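The residues making up each chain are set out below.
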Amino acid sequence: MENTIEKIKQEALKEIENINSLKTLDEVKNKYLSRNSELNNLKKSLKDLPNDKKPVIGSLLNKVSAELNSLIEQKFSVFYEKELNEKLLKEKIDITKDASYIPLGNVHPLTKTVNEIVEIFNLLGFSLIESELSPEVEVEKFNFDLLNFPIEHPAKDMQDTFYCKSAKNVVLRSQTSNAQVRQMISSKPPIKIISPGRVYRNESVSARKNNLFHQIEGLYVDKNVTMAQLKGVLNEFIRLYFGSSRPTRYRSSFFPFTEPSVEIDVQCIMCKGKGCPVCSNTGWLEILGAGMVDPNVLEAVDIDPNVYSGFAFGMGVERLTMLKYAIDDIRLFFNNDERFLKQF
Ligand code: DAH
């Protein structure tokens, strides 16, 4: 028995000597020190030895196991450190190397304007409409009829509005005002929402007009809503959006869904009111339409106009962005020219 143990020991010493990685170390450790190792099997068979042999062989087996274990542990610290260092060296970051260029995008100027305007109206107590109440593909009923457009209104003409060829009465909405109607049908007053989105008009493209553009609609309906409040809200919006020093004027106007109706102009940024081609020499540029919600519109969505009143407004996002940054061609927003987009 002693000879067998000695033979195993010598064999193990040779193999430990030859260990050259953590992987081979694991193999050797398994072979000589695991449960199924020869040494362990000998330990299990101690019970069959004569009593006087048991303590001698038992302690010899323990001594050899301990010796092999300690040699393997020593090897472990050597190879663990070696392999760790190799790994760290491989992962070393060369901070003197040139950084590779990763082009960064930025927010589109129209998105930037919409975000700013939404934030301002949030401050003024308006919340963002649920998106399903503001669809771009709309039925005539919500784009026109419930907004008090007479059947023969010129805006309903195919020359002005994109109609769907395959589905009757379906249009690409020509205004975000469809959201007003949908909101008033889906909830009772008080209502205080804004609704940004795309709108479409069938017109020829020029520096001032595109057939796709963006609007932000606002609606406030409650008891005792007044024109004075409308003025207060829009003046505050203009002050916050442009900064305090933009001269503004209100002009009376007409929309089928508001009575009375107004349009608001701000002084032309290019000529400071002196008159130039951008403002057609008037010194003023229109930024929005607004008014008190027509009682017919309230009635059509089952809100009693004797109890409730409201104001509404709709503003052009492109126009507001052009005025803020002195951009003189609406098409720049849609060409995706990096030289333009980078400036915002
Ligand atoms: N929908 C109008 C347009 O596209 C703008 C507008 C005017 C919206 C008056 C309104 C409003 O809500 O009250 O020209």
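The rules behind the values
Residues numbered from 1 in each chain as written. Predicted model: local features only at pLDDT ≥ 70, side-chain atom pairs only at ≥ 80, totals over all residues. Heavy atoms only, no water. Pairing = 2+ DSSP bridges. Helix = DSSP H or I, 4+ residues; strand = E, 2+ residues; numbered from the N terminus. Axes fitted to C-alpha atoms, helices over the stretch in contact; angles between N-to-C directions. Parallel < 35°, antiparallel > 145°, perpendicular 65-115°, else oblique. Contact = heavy atoms within 4.5 Å. Nonpolar A, V, L, I, M, F, W, Y, C, P; charged D, E, K, R; others polar. Buried < 20%, exposed > 50% of the residue type's maximum accessible area, 1.4 Å probe, protein only. Phe/Tyr/Trp six-rings, centres within 6.5 Å; stacked < 30°, edge-to-face > 60°. Patch = residues over 30% accessible without salt bridge, like charges linked within 9 Å, V, L, I, M, F, W, Y side chains within 5 Å. Areas by Shrake-Rupley, 256 points an atom, 1.4 Å probe, with all protein chains shown as cover. Salt bridge = Lys/Arg side-chain N within 4 Å of Asp/Glu carboxyl O. Disulfide = S-S within 2.5 Å. Near = heavy atom within 4 Å. Polar contact = N/O pair within 3.5 Å; in protein donor to acceptor, adjacent residues only side chain to side chain. Core = buried A, V, L, I, M, F, W, Y, C linked by side-chain atoms within 4.5 Å.

Visitor: Sorry if this is basic, but what is going on with the sheet that holds strand S7 (residues 258–267) here?
Guide: Strand pairing within a sheet occurs via backbone hydrogen bonds; the two strands may be parallel or antiparallel. The strand order S1-S4-S5-S9-S8-S7-S6 describes an open sheet built from seven strands, whose pairing is mixed. Looking at the sheet topology across the chains shown, the edges are occupied by strand S1 (127–128) and strand S6 (248–255). The pairing of strand S5 (residues 212–222) with strand S9 (residues 309–316) spans eight bridges and is antiparallel. Note that in S9 the partner of aspartate 222 across the bridge is serine 309.

Visitor: What am I meant to see in the packing of helix H1 (residues 2–17) against helix H4 (residues 54–90) here?
Guide: Taken N-terminus to C-terminus, the directions of H1 and H4 make an angle of 0 degrees; their axes are 11 Å apart at the nearest point. Classified by the interaxial angle, the pair formed by H1 and H4 is roughly parallel. For the pair H1 and H4, the contacting residues are Glu2, Ile5, Lys9, Ala12, Leu13, Ile16 and Glu17 in the first and Ile57, Leu60, Leu61, Val64, Glu67, Leu68, Leu71, Ile72 and Lys75 in the second. A class-by-class count of the residues in the contact of H1 with H4 yields eleven nonpolar, no polar and five charged.

Visitor: Teacher, can you tell me more about the pairing of strand S8 (residues 284–293) here?
Guide: Side-chain positions along a regular strand alternate between the two faces of the sheet. Counting buried positions along S8 gives eight out of ten residues, so the element sits mostly inside the fold. Inspection of the sheet shows S7 paired to S8 by eight bridges, in the antiparallel sense. Bridge pairing links threonine 258 to valine 293 in S8. For S8 and S9, the ladder comprises five bridges, and the chain directions are antiparallel.

Visitor: Which parts of the structure should I look at to understand the packing of aromatic side chains?
Guide: For any pair of aromatic rings, the description rests on two quantities: the centre-to-centre distance and the angle between the ring planes. Per the stated rule, a full pass over the model turns up 16 aromatic pairs. A centroid spacing of 6.4 Å and a plane angle of 70 degrees characterise the contact between phenylalanine 126 and tyrosine 220, whose relative ring orientation is edge-to-face. Of this pair, phenylalanine 126 sits in the loop between helix H5 (109–123) and S1 while tyrosine 220 sits in strand S5, and the two are 94 residues apart along the sequence. Note on accessibility: phenylalanine 126 and tyrosine 220 belong to one class, buried. A centroid spacing of 5.8 Å and a plane angle of 20 degrees characterise the contact between phenylalanine 237 and tyrosine 241, whose relative ring orientation is stacked. Taken as a pair, phenylalanine 237 and tyrosine 241 lie in helix H8 (residues 227–242) at a separation of four residues, close to a single helical turn. On the basis of relative accessible area, phenylalanine 237 is assigned to the buried category, the value being 0%. In textbook terms, an aromatic cluster arises when at least three aromatic residues are bridged by ring pairs, as seen for Phe121, Phe126, Tyr220, Phe237, Tyr241, Phe242, Phe311 and Phe313.

Visitor: Explain a nonpolar patch on the surface here, please?
Guide: There is a patch of nonpolar side chains on the surface, built from Phe76, Tyr80, Leu84 and Leu88 and spanning about 380 Å² of accessible area. Relative to the assigned elements, tyrosine 80 resides in helix H4.

Visitor: For this particular structure, what's the right way to read the state of the cysteines?
Guide: In protein structure, a disulfide is the covalent linkage between the sulfur atoms of two cysteines. Overall, the coordinates contain zero disulfides when judged by the stated rule. Here cysteine 279 stays unpaired: no disulfide links it, and the sulfur of cysteine 271, its closest cysteine neighbor, is 3.6 Å away. Relative accessible area serves as the criterion here: at 3%, cysteine 279 is assigned to the buried category.

Visitor: Sorry, what's going on with the site of the ligand here?
Guide: Residues in close proximity to the ligand total 15 residues, the closest being Gln175, Gln180, Arg201, Gln215 and Glu217. For the ligand, an oxygen atom lies 3.1 Å from a polar atom in the backbone of alanine 312. At 3.3 Å from an oxygen atom of the ligand is found a main-chain nitrogen or oxygen belonging to phenylalanine 313. Taken by itself the ligand offers 350 Å² of open surface, and the protein chains cover 91% of this. When residues of the shell around the ligand are traced back to their parent elements, those giving at least two are S5, S8 and S9. Residue composition of the shell around the ligand, by class: five nonpolar, eight polar and two charged.

Visitor: Would you take a moment to explain the nonpolar core for this structure?
Guide: Note that soluble globular proteins tend to have their nonpolar side chains buried in a common cluster. Residues Phe121, Phe237, Phe311, Phe313 and Met315 are the most contacted members of the largest nonpolar core, which totals 43 residues. Counting only elements with at least two residues in this core, the list comes to H5, S5, H8, S7, S8, S9, helix H10 (317–325) and helix H11 (338–341). For methionine 315, the residues in contact, after removing those within four places along its chain, are Ile117, Phe121, His214, Gln215, Ile216, Phe237, Ile287, Leu288 and Leu320. If you look at the next biggest cluster of nonpolar residues, it comprises 21 residues, including Leu133, Phe149, Ile191 and Val221.

Visitor: Quick question: what am I supposed to make of the pattern of salt bridges here?
Guide: Opposite charge on two side chains allows them to pair when their charged atoms are near. Enumeration over the complete set of coordinates arrives at 16 salt bridges. In this structure, lysine 82 engages glutamate 86 in a salt bridge whose closest nitrogen and oxygen atoms are separated by 3.6 Å. Here lysine 82 and its partner glutamate 86 are both found in helix H4, four residues apart, which amounts to about one turn of the helix. Owing to a relative accessible area of 42%, lysine 82 belongs among the partly exposed residues under this scheme. As a salt-bridge pair, glutamate 136 and arginine 198 come within 3.4 Å of each other at their nearest N and O atoms. You can see glutamate 136 sitting in the loop between S1 and strand S2 (137–139) and its partner arginine 198 sitting in strand S4 (residues 191–200), a full 62 residues away along the chain. By relative accessible area, glutamate 136 is classed as partly exposed at 26%. Each of Arg249, Arg251, Glu263 and Asp265 takes part in a single network of salt bridges with overlapping partners.

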